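Tertiary structure, described
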Amino acid sequence: MDERPRLSLHVPEPEVRPGDTPDFSRVVIPRAGSVPRPPVDVDPKEIRDLAYSIIRVLDREGQAVGPWAGTLTDEEVAVGLRHMMTLRAFDARMLTAQRQGKTSFYMQHMGEEAVSCAFRMALEDGDMNFPTYRQAGLLIAGGYPMVDMMNQIFSNEADPLKGRQLPVMYSSKEHGFFSISGNLGTQFVQAVGWAMASAIRNDSRIAVGWIGDGSTAESDFHAALVFASTYRAPVVLNIVNNQWAISTFQGIARGGSGTFAARGLGFGLPALRVDGNDYLAVHAVAKWAVERARRNLGPTLIEHVTYRVGAHSTSDDPSAYRPKTESDAWPLGDPVIRLKNHLIRRGVWSEERHRQAEAEIMDTVIAAQKEAEKHGTLHSGGKPSVRDMFEGVYAEMPPHLRRQRQKAGV
Amino acid sequence: MDERPRLSLHVPEPEVRPGDTPDFSRVVIPRAGSVPRPPVDVDPKEIRDLAYSIIRVLDREGQAVGPWAGTLTDEEVAVGLRHMMTLRAFDARMLTAQRQGKTSFYMQHMGEEAVSCAFRMALEDGDMNFPTYRQAGLLIAGGYPMVDMMNQIFSNEADPLKGRQLPVMYSSKEHGFFSISGNLGTQFVQAVGWAMASAIRNDSRIAVGWIGDGSTAESDFHAALVFASTYRAPVVLNIVNNQWAISTFQGIARGGSGTFAARGLGFGLPALRVDGNDYLAVHAVAKWAVERARRNLGPTLIEHVTYRVGAHSTSDDPSAYRPKTESDAWPLGDPVIRLKNHLIRRGVWSEERHRQAEAEIMDTVIAAQKEAEKHGTLHSGGKPSVRDMFEGVYAEMPPHLRRQRQKAGV
Amino acid sequence: MARMTMIEAIRSAMDVAMGRDERVVVFGEDVGYFGGVFRCTAGLQQKYGRSRCFDTPISELGIVGVAIGMAAYGLKPCVEIQFADYVYPAYDQIVSEAARLRYRSAGQFTCPIVIRMPTGGGIFGGQTHSQSPEALFTHVSGLKVVVPSNPRDAKGLLISAIEDPDPVIFLEPKRLYNGPFDGHHDRPVTPWSKHEAGEVAEGHYTVPLGKAEVRRQGSAVTVLAYGTMVYVAQAAAEERGIDAEIIDLRTLLPLDLDAIATSVQKTGRCVVLHEATLTSGFGAELAALVQEHCFWHLEAPVQRVTGWDTPYPHAQEWDYFPGPRRVGEALVAAMEA
Amino acid sequence: MARMTMIEAIRSAMDVAMGRDERVVVFGEDVGYFGGVFRCTAGLQQKYGRSRCFDTPISELGIVGVAIGMAAYGLKPCVEIQFADYVYPAYDQIVSEAARLRYRSAGQFTCPIVIRMPTGGGIFGGQTHSQSPEALFTHVSGLKVVVPSNPRDAKGLLISAIEDPDPVIFLEPKRLYNGPFDGHHDRPVTPWSKHEAGEVAEGHYTVPLGKAEVRRQGSAVTVLAYGTMVYVAQAAAEERGIDAEIIDLRTLLPLDLDAIATSVQKTGRCVVLHEATLTSGFGAELAALVQEHCFWHLEAPVQRVTGWDTPYPHAQEWDYFPGPRRVGEALVAAMEA
Ligand SMILES: Cc1ncc(C[n+]2csc(CCOP(=O)(O)OP(=O)(O)O)c2C)c(N)n1
Ligand SMILES: Cc1ncc(C[n+]2csc(CCOP(=O)(O)OP(=O)(O)O)c2C)c(N)n1
Ligand SMILES: [Mg+2]
Ligand SMILES: [Mg+2]
């Protein structure tokens, strides 16, 4: 007889499910301003603990405190607030447009606006992002025309991607925004390659990789860390931990490591965790990592701790797997409200001006939408041509595709 | 004009190349006995520093010292020495056989014998290894008949794998030795799956994964760590760092992390480094990790620090990429000599008995080879049948393969 | 008998298999608590517990890799890849490992796993939610490849796949999940409840792997199809009034060559359909086999009507999809050749 | 003109390309200091420096993934996968990314990369050093697939591939590295130095992608082959005394259909050869195309002679390899049909 203990499988589960009361008490949140800011040329070995903390700048009162504060002027912060508000208004309109059948699909950013909007402001033109589908803030903050975004979403005749891509899978080389793949993770290692190329060419431009908490489990994440670490590529690698991967809570991808940032420790990379709902903290950390990359000091891994307030996509209904009120309980608050309160506290903003700005921004978004709709929406008005379907598979169309196009009669 | 600093690519290089004087002064080697032995139910967080040290038991004088010593009796150690000597003799004969054209290919273990031989003695029957091609010690120490190994190497009529596999790609379910794949890394995550299955079935058997330093860069390594960490699978994950991956030094796969064991830290796994040329240390560490797994406390990652003394395979000539004398300079010595000295110091062995044992073992190996050669070698004598080529693709042969076999006239 | 959608039938197959055999385990991305993005595994975790049905990290390699290890142990994993478009990270594990394990270990280790995945277009999913990668598996010796076209078959084939001793790629045409679809995307969809193949036995039964089914008898031309294209073929034949014999292949590997040859030898004409891109698609193998085995009976070249050799576009979905118009034209051309 | 082996010709192609264009970079496992396990990159690191030719970690995914990023930046990476059998970990990056980048970004980002890999059997490499996975790439729109059969072509085609604006899979038949090989494994091997195609210009020249070459004029039967099988075809035709026209396809995607159709329309018979497994191999596409485009000229079914539908075995290598005996029998059968 086998007297050895019986094994059993451990399957991590979130602490709460629909019907339960949300509980984030396990999330340890350090005081704003309490995490030190090391010099950018620090030896990664010396800052391993940053992978288990959270860098925060905005305190409960809306003040910017501590060593990471002060990377932006009030004017710049106000611009940042507008970017986030614009993204939120944009999302709201596009969600409605999807419900109206003007497009097939949409993915929103609610709760995560600070991450991409703030990060973008730490970059320079010429740098290249390799984003996922939840970083449209990079485009908004980078000055990409909203009309072009909408044209893409509507797959209309003015769609810069000619109707070929799923909505929100934007691409703009000019704006440092690499073509989004529908396949998770793949772009993370490509970012490292782009950065290596920049280093090979003795250029000064850097690359930025983006990945979701759930997607860190993909192989590309590992390859990215291996190559970035080995060749000290000038790249910033961002993990956006919004707590969920569709219906799967972050504990499934994270396993026993405590944090996602900790993954970087095994590669000797500086690994920082930042309050992803704190625009100022994201900007400060981004600036630190970007400077490190730019000075050829190598890659940085950043975990942005945030929360996906909305559904995963328009095909998803989160009430099936998490309490409806969970997002209210999220302890890091709302990035827009927090930044608004900061500016009010600084005396350069007010509730009144905020409401005005909201209205103005909504007008701009609506105007852009009107403009875009002139070019058509998914099922009505102008469409990309069927000929376009056959173009661009190769630089030059090979004979077999020409035959097929002919057969299609276009 | 762009005034920013110019980037450049960092490409790691070994410190010495052919023509240079070997130099391992950078390899920090802690004193034998100096690394503490935590309880097996330790919180992995508390032993992160073990990922940067080396657990050693045998000191320069051949004494077994420190908290990791004492897991084996003198008799057991003597058996272990015989296993290593057998593996070495086996390798020597098979290398010659390959040169004589009796087989197409061979891969030896010179310098790494302790790793697989010692590890096997910490396992029980029913446990399952998922080995690479450099752990034949698991078979030798596990009592698998040498004749069967040779039959496989010769692809002869008695080859248990029917001539289908490249030499040394053994398989023995009965001996807890999973079928070796020629594709690096793939088996590492399968080991985790096997362990998960054992846990799902409330069994008590555990799995053991094996991978080389170079192969940790493969995706399967990441997937293995993710799944092992998440489901706390009863598995021991071994990295055999023999300093080289064909011509590529370990710095290319390791990047900036300092050690391979450190990879485990990002997953919250206990990560140990052990002197892979110290039979007693490997056994002690294996025992610790096996007990942990068996008690359902989850996975352990172990880096075995060793050195590949021979060529990568019979197709390789290392003098093209590393100094010929590098192996002599390797600071952890030779596992066979070290264990022999230990037994002599314990007074249960002598140079004389060692020479005798060597001769006896060689006789046994030669006898096994004679026996195997009766069944043929690659290009002469008994062969697996051509019919066998068509069998076993599926449990039952489908019509198209029957047609093909018929066409082949067999 | 019950009325089931294809989703319900697939779920029922796993339910039955899990109920009969403790070794059957089910896992994948979002398949545990939530029950899968298409709900195919809904309720299984609640019924069989978390260690037999669970969520996984987003690593297709890991899903298939651990499934292989489990199968080597003696379990029978039935795993879900969320969309067939996402199977490529697991491709090495499937091709180099699952498919070859029995062979290379001379039967010591085997790999009875099922890899389920939604396939095909028709839901405006763009290039990453629409692919039909079957030909990338039919080239791999050691795999079986199954594509059901209705709930009844789906359940019986899936149970067969789970009970099979070898690895099976099980491709579920997602456009058929809720009803047959003939390519007329502008017409209302018939639900499975209105179709006789939506009548599905609740208990255990199997549909054998490797056997095709004639969906429509005919004598003028043989149409080889599977999945969604079976219904497109039917619509096209009706619309053009052509006496087509439509064969639903159901299993692509191993293929029911006898059924194919018998029909083509009778009709003398053959049209091959699939949604995947043309070049090196499974239609190439079908056309090659038909001309090899029925050469002297053929009165016209075997034609292929397939997706174009481009990624699956979003906006031009219905220009890409080989719908009843294109199929009908090919039927006419085959008759007139 | 110099005498080169295929290895030297491939190395020369990279050397020339790196010399002419600073954007060309070369990397892969063991390709840097050591110069590759087949020595194809020997000397390039020494000549062009470590940042243009370097060793990589053992991650095929990483190799191709960073190559795609580099290409998006504007470099022209030419990477080596140590054996074609090891390309599968990179399959997702190739299929989902490299092949579709131009299309999905409407040309904003492109992917001019070359992925070189030794392919085919004949060296007792067993199932993981012998595979011919070309059909797994010819099914993927957006890729080009090249298989050279001699040093002169190898160099010209590789330079074309490197200069091409799109991703190219470059499969090098390893059995041809040192000399032509006709499948008579028991006879001494002729080195390239004794073959006219071993005469290779040292400087820059190209052989265009997408163009086949007639290796042997004939009027009785058309043989479609590539890589090693070109020589097997020649040997079989000589041995059987059959007036075969042998076409070396050189590029499989895009395919030179005109050359094929012209020949088959002349001969009325066709035999298709490859070393890869039969089912869904590239031969299926060739057979399908030939019967589509030459149906009324065909006097016999198109035959395929290929590797069997099993993994590539070690001991039974020469029973697996489609050698001159099997090819000869097919030629005879095609003539007698
Ligand atoms: C390779 C691959 N596998 C699976 C999917 C399906 N899928 C789309 S989004 C998603 C969840 C991603 O979660 P996370 O990475 O946390 O990003 P988030 O959506 O939270 O921003 C999944 C599983 C996919 N797109 N690609
Ligand atoms: C997927 C894959 N890629 C590449 C190879 C070729 N290859 C065989 S062994 C080897 C080096 C492995 O080095 P390491 O993992 O350190 O193991 P070691 O040989 O040192 O024991 C390489 C690159 C392979 N077998 N499989
Ligand atoms: Mg997420
Ligand atoms: Mg090694």
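Computed from a predicted model, the values in this text were never measured in an experiment.

Moving on: the interface of chain B and chain A. On the chain A side, the residues contacting the 50 residues of chain B number 50 residues. Of the roughly 4300 Å² buried at the junction of chain B and chain A (both faces included), carbon and sulfur atoms supply 54%. On the chain B side of the interface with chain A, the three residues burying the most area are Arg4, Leu7 and His222 of chain B, jointly 18% of the side's total. In this assembly, chain B and chain A are joined by 2 salt bridges. Note that Glu124 of chain B and Arg4 of chain A form a salt bridge whose closest N and O atoms lie 2.4 Å from each other. At the junction of chain B and chain A, the tally comes to 26 residue pairs in polar contact (both at pLDDT 80 or more). Of all the elements in the fold, those that place two or more residues in the side of chain B that touches chain A are α5 (186–200), α6 (219–231), α7 (250–254) and α8 (279–294) of chain B. It is α6 of chain B that provides the largest number of residues to the side of chain B that touches chain A, a total of 7 residues. Split by residue class, the side of chain B that touches chain A holds 20 nonpolar, 17 polar and 13 charged.

The full set close to ligand 2 counts 20 residues, and Tyr133, Arg134, Asp213 and Ser215 of chain B together with Glu60 of chain D are the nearest of them. Leu184 of chain B is positioned with one of its backbone polar atoms (N or O) 3.1 Å from a nitrogen atom of ligand 2. Separating a nitrogen atom of ligand 2 from a side-chain N or O atom of Tyr86 of chain D is a distance of 3.2 Å. Protein contacts shield 96% of the accessible area of ligand 2, which totals 590 Å² for the unbound molecule. Grouping the constituent residues of the shell around ligand 2 by class yields 7 nonpolar, 8 polar and 5 charged.

Here the focus is the sheet that holds strand β10 (residues 221–225) of chain D. All names here are of chain D. Here 5 strands make up an open sheet; going across it, the order is β9-β11-β10-β13-β14 and the pairing mixed. Both edges of this open sheet fall to β9 (213–216) and β14 (303–307), since each of them pairs with a single strand only. If you compare each strand with its neighbour and ignore which way they point, the axes differ by 25 degrees on average. As paired strands, β10 and strand β13 (residues 270–277) are joined by 3 bridges and run parallel to one another. Pairing of Thr222 across the sheet is with Cys270, part of β13. Each of β9, β10, β11 (244–248) and β13 is contacted by helix α8 (residues 229–240), which is oriented at about 175 degrees to β11, the strand it contacts most.

The subject of this paragraph is the coordination of the magnesium ion (ligand 3). Residues and elements named next belong to chain A. Within the protein, the magnesium ion (ligand 3) binds to Asp213 (OD), Asn242 (OD1) and Trp244 (O); these donor distances fall in the range 2.0 to 2.1 Å. Each donor residue of the magnesium ion (ligand 3) lies on one chain, and together they are spaced D-x28-N-x1-W. Here Asn242 lies in the loop between β3 (235–241) and β4 (244–245) and Asp213 lies in the loop between β2 (207–212) and α6 (219–231), a separation of 29 residues in the sequence.

Next up on the list: the pairing of strand β11 (residues 244–248) of chain C. All names here are of chain C. Most of β11 sits inside the fold, with 5 of its 5 residues counted as buried. As judged from the 5 bridges shared by strand β10 (residues 221–225) and β11, these two strands associate in the parallel manner. The residue bridging Ala225 from the neighbouring strand is Asp248, located in β11. At this point the chain moves from β10, through helix α8 (residues 229–240), to the parallel β11, and the crossover so formed is right-handed.

Basis of the calculations
Residues numbered from 1 in each chain as written. Chains lettered and ligands numbered in written order. Predicted model: local features only at pLDDT ≥ 70, side-chain atom pairs only at ≥ 80, totals over all residues. Heavy atoms only, no water. Contact = heavy atoms within 4.5 Å. Buried area = accessible area lost by both parts, 1.4 Å probe. Salt bridge = Lys/Arg side-chain N within 4 Å of Asp/Glu carboxyl O. Polar contact = N/O pair within 3.5 Å; in protein donor to acceptor, adjacent residues only side chain to side chain. Helix = DSSP H or I, 4+ residues; strand = E, 2+ residues; numbered from the N terminus. Nonpolar A, V, L, I, M, F, W, Y, C, P; charged D, E, K, R; others polar. Near = heavy atom within 4 Å. Areas by Shrake-Rupley, 256 points an atom, 1.4 Å probe, with all protein chains shown as cover. Pairing = 2+ DSSP bridges. Axes fitted to C-alpha atoms, helices over the stretch in contact; angles between N-to-C directions. Donors = N, O, S within 2.8 Å, 3.2 Å for Na, K, Ca; no water. Buried < 20%, exposed > 50% of the residue type's maximum accessible area, 1.4 Å probe, protein only. Right-handed = clockwise from strand over helix to strand, strands pointing away.

Function-wise, these values are silent; they only describe arrangement.
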